[in-house]
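# Per-entry structural report
Here are the chains, one letter per residue:
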Amino acid sequence: WKLNPFAGYGGKNEAEDMTPDELRMAEEEADMDGQLVDYKEKGHQVEYMGKEPVEGSDAYKLKVTLKNGDIKYIFLDAETFLDVKQTSKRKINDTEIEAETFFGDYKEVNGVMIPYSIEAGAVGMPQRQKLGVEKIEFDVPVEDSRFAKPAALPPAEIAPAAPPK
């Protein structure tokens, strides 16, 4: 399920079922280790495609064919082996879009290098989603009730969305 407070620029107050494409994307994103860790056991295939520059630094380009048949390209920094870029084609509202995601500002958390800066968008489009992370914690208890589909909110609790500029 999902909540979409911006749907139709008037917002919605009810949780909606996710589309099959959204479920597929959510399942892929739920792999916290990433597609490369234990890729064979997950049913993925990985091919080395050579080196390419990413934002001025050499990166190893890997073609990852996921278990579901989707193809993604992962670029690993040639010195640190950390993800610096990923590209994939996604189907959104019956339209195929080539997406790219850049990772940076890595910091060590409990012995794991985590990107604190993530920027994503469609290839060739100026609009980007930028995510800046302030704090990461592992093994924080979460009540199961946080994942239950919520009841509809009263209309007053949904902020009106501004029309696009």
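Refer to the structure printed above.
Residues numbered from 1 in each chain as written. Predicted model: local features only at pLDDT ≥ 70, side-chain atom pairs only at ≥ 80, totals over all residues. Heavy atoms only, no water.

## A short note on the environment of Leu131
Inspection of the secondary structure assignment puts Leu131 in strand β7 (residues 129–132). Leu131 gets classed as partly exposed once you look at its relative accessible area, which sits at 48%. Remark: the alpha-carbon pair of Leu131 and Pro115, spanning 16 residues in sequence, is separated by 9.9 Å. Excluding anything up to four places from it in sequence, Leu131 contacts Tyr116, Ser117 and Ile118. (Helix = DSSP H or I, 4+ residues; strand = E, 2+ residues; numbered from the N terminus. Buried < 20%, exposed > 50% of the residue type's maximum accessible area, 1.4 Å probe, protein only. Contact = heavy atoms within 4.5 Å.)

## Focus: the pairing of strand β1 (residues 45–54)
Here β1 runs beside strand β2 (residues 57–65); their pairing, made up of eight bridges, is antiparallel. Within β2, the position partnered with Glu47 by the bridge is Lys63. Hairpin remark: β1 followed by β2, antiparallel, with two residues in the connecting loop; positive phi at Glu55, about 50°. (Pairing = 2+ DSSP bridges.)

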